[in-house]
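Structure assessment
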Amino acid sequence: MSKSTCLLDAINSPADLRNLKTLEELELLAAEIRAFLVDTLSQIEHAHFSSNLGVVELTLALHRVFDTPNDALFWDIGHQGYVHKILTGRKDQLAQIRCKGGISGFLNRNESKFDDFGAGHAGTSISAALGAALASRLKGSQKHHLAVIGDASLGVGMAFEALNQLAVEKDLNLTIVINDNNCSIDPSVGGLSRYLNRQATSGEHTFFQALEFEVVGPVDGHDLSALLDVFQQCKQSGGVRIIHCLTQKGKGYAPSESGPAAHWHAPGKFEASNGFSLKEKKSLRYQDVFAQTLTELAAENSNIVAISAGMLSGTSLTKFQSVFPGRCFDVGIAEQHAVTLAAGLAKDGMLPYCAIYSTFLQRALDQVIHDVALQNLPVVFCVDRAGLVGHDGATHQGVFDISFLRQVPNLMIASPSNALDLRNLLFSSQHLQFPLVIRYPRGEAHGELNNEEFKPLPFGKSRSHKPGKDVMFLGLGCLVNELPAVVELLQQVGFDAGYCDMLFVKPLDKEKLHEIFSSTSNIVTLEEHALMGGFGSAVAEFMLDNNYKNRLLRLGIPDQFIEHASQHEQRRELQLDAHGIFTRVLHWMDSAKMDKPSTRNS
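In what follows, the accompanying structure is described. All values reported here derive from a predicted model rather than from experimental measurement. (Residues numbered from 1 in each chain as written. Predicted model: local features only at pLDDT ≥ 70, side-chain atom pairs only at ≥ 80, totals over all residues. Heavy atoms only, no water.)

**Here we look at the overall build of the chain**
- Within the chain one finds 25 helices and 17 strands.
- A globule of 602 residues ought to have a C-alpha radius of gyration of about 25 Å, and the chain, at 26 Å, matches this closely.
- Buried residues in the chain amount to 59% of all 602 residues.
- Just so you have it, the chain exposes about 24,300 Å², and 50% of that area is on carbon and sulfur atoms.
- Charged side chains of the chain number 53 positive and 66 negative; the gap between the two group centres comes to 4 Å. (Helix = DSSP H or I, 4+ residues; strand = E, 2+ residues; numbered from the N terminus. Rg over C-alpha atoms; globule rule 2.2 N^0.38 Å. Buried < 20%, exposed > 50% of the residue type's maximum accessible area, 1.4 Å probe, protein only. Areas by Shrake-Rupley, 256 points an atom, 1.4 Å probe, with all protein chains shown as cover. Lys, Arg positive; Asp, Glu negative; His and termini not counted. Charge placed at Lys NZ, Arg CZ, Asp CG, Glu CD.)

This is the structure in structure tokens:
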């Protein structure tokens, strides 16, 4: 951005924005914001990009017309909240967005009074805005409430539930802005998307009108003059209405306007002048191992189908879809439907692999219990992003799934520590007669794949086992890969330490646990998951149920939300890296005042 730029420099709050005199100044400010976004976000490895370029004019118009924060603005998800943050006093912090100690990539009530409602998952804005509008009515307030929701998020069941109630709550000041860019991370799918596309040309919103909503639009979401007029009319007349606003993701930056939607959603570092990626080539990720393996298996097994809830690229299922288009179902942002759809497919002899991020599977727990587990249907849940997720932060951490799934009868839960075990679990899952959860983390896969033949894995059995007389680690998932280094460090100070890769949290390998508890006094469980109700809790239950008196230390995620940082920084801060694990265990061993081995260094 040119150093001669001055308008954006003077904008530190929406009040400054409202002091601008002319439409020309607002349009110049919009151009400056776009340039600022491109210059700043191109230097950040983990920023959301194209969604924010698409809402520049929309955000300016909302803050220009309405008296934020007195009027309440609810953003859905928050991917598109960067312009909002720039206008509300956080532009100088944008370069550190989603970094440790920096501002959140989503809306966060603890961060600013302008963030009326925290948003990290789709489909919440209408419900939240409706609740706030009802509270205003009860208090006798006439403030305005605005919910901005994307066309993809509008397909979330919760959004329809909110519209259903709102249709009979007409004496409120509530405006719903549909930010229609025909895209989420991937292009929008389903009948609602096609419906909105038709309305973009015809202007007849028969569905919303049938519910007796006043509908305005479609409006060009990049035409500041039109947006200002529409919002000013809403402000003056009050009431409930829907504004259909057409925008383009990546607007104003040619590479993102024409490039793949999934890439430009969060492109990593790139050359601002031409859009060329500056990211280093990444190693094979767990999500790639999953998708490649499933594609191989599907070539031999015609019963295999794949299901994604609006995350084809995020789960790497785009390749599977290209090879087997009739056997890959992207249901949009609809996790509850995805799970019950899988149940219906399984009931009639198909073998569905339902790929959902851990943080999003939370939304479908009832369906997992009632529609899959209760009927003991062979659905394979491929739970991506299980564990710490890094820069997405508190709203997306995959650290609760064991706790809410372990209680469910008929459900088996596995958490492989490496790429090869993930492949072999997927291979072995083809002949199940019960539901299975395979959870795997975000990021680079551990171990190497050298075209090994598939090998069946016995369900409910642990993997590698290195005995230890003084202390034994029971590890689950990716943190198992820290244990060889931890064991070596403990051996250097005189402790005979060993470890076991448990692989399954339900059922536990009780035969192996009896062996370990009978031979080692000090047991440490290790998991990248909440301690409450997690793997360590399962081991503690085993110990109590079998009257063992061993000392037990559980290492994992404490009872708190983990904020955004890199995965490495999060593990280091939680002392879940090799050095942190060693330090905690050494302190624990010393605290027992046990007799030290004669070989221990002084």
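Picking up after the structure, the text goes on.
**Looking at the sheet that holds strand β5 (residues 240–246)**
- If you walk across this open sheet you meet the 5 strands as β1-β2-β3-β5-β4, and the pairing is parallel. Of all strands in the sheet, those bounded by a partner on one side alone are β1 (72–75) and β4 (214–220). Across the sheet, the mean angle from the axis of one strand to that of its neighbour is 20°, orientation sign disregarded.
- In the sheet, strand β3 (residues 174–180) pairs with β5 via 7 bridges, with the strands oriented parallel. What sits directly across from Val177, in β5, is Ile243.
- Set on the sheet, helix α8 (residues 157–166) makes contact with β2 (145–150), β3 and β5; between it and β3 the angle comes to about 145°. (Pairing = 2+ DSSP bridges. Axes fitted to C-alpha atoms, helices over the stretch in contact; angles between N-to-C directions. Contact = heavy atoms within 4.5 Å.)

**With respect to the environment of His564**
- Position of His564 among the secondary structure elements: in the loop between β17 (551–557) and α24 (567–573).
- Residue His564 is classed as buried on the basis of its relative accessible area, which comes to 9%.
- Spatially, the C-alpha atom of His564 lies 9.2 Å from that of Ile97, the residues being 467 residues apart in sequence.
- Look past the residues within four positions of His564 in its chain and what remains in contact with it is Arg98, Cys99, Lys100, Gly101, Gly102, Ile103, Ser104, Gly390, His391, Gly393 and Gln570.
- Within polar-contact distance, the side chain of His564 engages the backbone oxygen of Cys99 at 3.5 Å. (Polar contact = N/O pair within 3.5 Å; in protein donor to acceptor, adjacent residues only side chain to side chain.)

**Some remarks on the sheet that holds strand β10 (residues 412–414)**
- The 7 strands are arranged β7-β6-β8-β9-β11-β10-β15 in an open sheet whose pairing can be described as mixed. Among the strands making up the open sheet, the edge pair consists of β7 (328–330) and β15 (504–506). In this sheet, neighbouring strand axes are inclined to one another by 20° on average, regardless of whether the strands run parallel or antiparallel.
- Summarising the sheet, β10 and β15 pair through 2 bridges and their orientation is antiparallel. Paired with Ile413 across the bridge in β15 is Lys506.

**Things to note about the nonpolar core**
- Counting residues in hydrophobic clusters, the biggest one holds 51 residues, and the most contacted among them are Leu29, Ile33, Leu37, Leu58, Leu60, Leu62 and Phe231.
- The set of elements that each furnish at least two residues to this core consists of α2 (23–41), α4 (56–65), β1, α5 (82–90), β2, α11 (224–237) and β5.
- For this core, the element with the highest residue contribution is α2, accounting for 8 residues.
- Setting aside its immediate chain neighbours within four residues, Leu62 contacts Leu73, Trp75, Leu146, Val148 and Phe231.
- By size, the runner-up hydrophobic cluster in this structure holds 49 residues, among which are Val331, Ala338, Phe381 and Ile516. (Core = buried A, V, L, I, M, F, W, Y, C linked by side-chain atoms within 4.5 Å.)

**Notes on the pairing of strand β8 (residues 351–357)**
- With 7 of 7 residues buried, β8 lies mostly within the body of the structure.
- On β8, burial covers both faces: Leu351, Tyr353, Ala355 and Tyr357 on one face and Pro352, Cys354 and Ile356 on the other are all buried.
- In terms of strand pairing, strand β6 (residues 304–308) meets β8 through 5 bridges, oriented parallel. Looking at the pairing, Ser308 lines up with Ala355 of β8.
- Two strands pair when backbone bridges link them, and β8 and strand β9 (residues 380–384) are joined in this way by 5 bridges, in the parallel orientation. The residue bridging Cys354 from the neighbouring strand is Phe381, located in β9.

**Thoughts on a negative patch on the surface**
- A cluster of acidic residues, Glu24, Glu27, Asp220, Asp223 and Asp229, forms a negative patch on the protein surface.
- Looking at where Glu27 falls in the secondary structure, it is placed in helix α2.
- Look at Glu27 and you get partly exposed, because its relative accessible area is 41%. (Patch = residues over 30% accessible without salt bridge, like charges linked within 9 Å, V, L, I, M, F, W, Y side chains within 5 Å. Salt bridge = Lys/Arg side-chain N within 4 Å of Asp/Glu carboxyl O.)

No statement about biological role is implied by the geometric values presented.
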